[in-house]
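# Architecture at a glance
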Amino acid sequence: MATFKTNDQVEIYYEVTGEGKPLFMLPGWTCTTKFWKHNVDELSKHFQVICMDMRGHGRSEKVMHSHRISRYAMDVKNLLDHLKVEEVTVLGWSMGASILWSYIELFGNHRLAGLVCVDQSPAQYTGPDWVWGQKGCYDMEMFIRTCYDIKYDPRGAAAGLVGACLYHKPSDEDARSIVDEICKCPPYVRIEIMRDHTNLDWRDFIPQIKLPTLVCVARNSNVFDWQGSAWVGEHIQGAETVFFEDSGHMLFWEEPEKFNRTVTDFINKLHS
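Only a predicted model underlies this, so the values are computations on that prediction, with no experimental measurement involved.

Rules of the game
- Residues numbered from 1 in each chain as written.
- Predicted model: local features only at pLDDT ≥ 70, side-chain atom pairs only at ≥ 80, totals over all residues.
- Heavy atoms only, no water.
- Helix = DSSP H or I, 4+ residues; strand = E, 2+ residues; numbered from the N terminus.
- Rg over C-alpha atoms; globule rule 2.2 N^0.38 Å.
- Buried < 20%, exposed > 50% of the residue type's maximum accessible area, 1.4 Å probe, protein only.
- Contact = heavy atoms within 4.5 Å.
- Areas by Shrake-Rupley, 256 points an atom, 1.4 Å probe, with all protein chains shown as cover.
- Lys, Arg positive; Asp, Glu negative; His and termini not counted.
- Charge placed at Lys NZ, Arg CZ, Asp CG, Glu CD.
- Pairing = 2+ DSSP bridges.
- Axes fitted to C-alpha atoms, helices over the stretch in contact; angles between N-to-C directions.
- Core = buried A, V, L, I, M, F, W, Y, C linked by side-chain atoms within 4.5 Å.

The subject of this paragraph is the overall build of the protein. Per the secondary structure count, the protein includes ten helices and eight strands. Rg of the C-alpha trace for the protein: 17 Å, near the compact-globule value of 19 Å for 272 residues, within the 12% margin. The principal-axis extent of the C-alpha atoms belonging to the protein is close to 50 × 40 × 35 Å. Across the 272 residues of the protein, 56% fall into the buried class. Taking the contacts inside the protein whose residues are at least 6 apart along the sequence as the reference set, 76% of them involve residues at least 24 apart. Of the accessible surface of the protein, which amounts to about 11200 Å², a share of 49% is contributed by carbon and sulfur atoms. Averaging the positions of the 28 positive and the 37 negative side-chain charges in the protein gives two centres separated by 4 Å.

Here you go:
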């Protein structure tokens, strides 16, 4: 176990496994380093794998302030600077991808070699010009309902998230483990970071990204229609898009062998 303090003195938990070119992996909303349990062991045979729990999540400090995508992006920068790593491939799943878009918008390609975006639409809310938003939280009314569920039944809300994220029914043990990890994130934190996340629209910025990029899309995601996540790959010049045909939103969990191989091949090509 390791922790460091951000520039605003919040204690962040992180893990470093393996050796080689660095790969930083950031999970989604309410999720933790434990979500990579099918990936880190294999990927760390090839790379130095860095994972962190976002502020208020997992084993990081449960502060009740600064839960915004841009602040989370600064936390990522603080960790990469703390570790003094260079030529990092950054990988973000779901909200983690949005945090990395914010990082690039704020800090450019500082310390970065490549980007991996995993199943995240550029816009959460639907509207006249965007139909591929987040299926469970696609407008302000649904956000309010989401807040109500989290506040009054936080464990039930976490269980509902598990059902939304997986295409195949998990074992009872896996479902309980995932819910336990989500519940390490206090209801207030869940609501505040989702408030910011759901109101951002990245469609203007994504075409400005100038990094080698891999986009992983779950064909059977119950969180986003695949077209929304695939839009990202279509609008970053030279990006490679890979579809996962037998997965829900947690494609790295349901098709880990393909995911690990795809990420490994992408990073190896970056440095060949």
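Following the structure, the description resumes.
A few words now on the sheet that holds strand E7 (residues 213-218). Taking strand neighbours across the sheet as the criterion, the eight strands line up as E1-E2-E4-E3-E5-E6-E7-E8 in an open arrangement whose pairing is mixed. Both edges of this open sheet fall to strand E1 (2-5) and strand E8 (240-244), since each of them pairs with a single strand only. Looking at each pair of strands side by side, their axes are set apart by 20° on average, direction ignored. As paired strands, strand E3 (residues 22-26) and strand E4 (residues 48-52) are joined by four bridges and run parallel to one another. Bridging from a neighbouring strand, Phe 24 pairs with Ile 50 of E4. Relative to the sheet, helix H3 (residues 95-107) contacts E3, strand E5 (88-93) and strand E6 (112-118), its axis offset from that of E5 by approximately 135°. The strands that helix H8 (residues 226-234) touches are E6, E7 and E8; relative to E7, the one it contacts most, it runs at about 170°.

Ranked by size, the top nonpolar core spans 90 residues in total, and within it Phe 24 and Phe 259 carry the most contacts. Looking at this core element by element, the count peaks at seven residues for H3. With residues near it in sequence (within four places) discarded, Phe 24 still touches Ile 50, Met 52, Val 76, Leu 79, Leu 80, Val 88, Thr 89, Val 90, Leu 91 and Leu 100.

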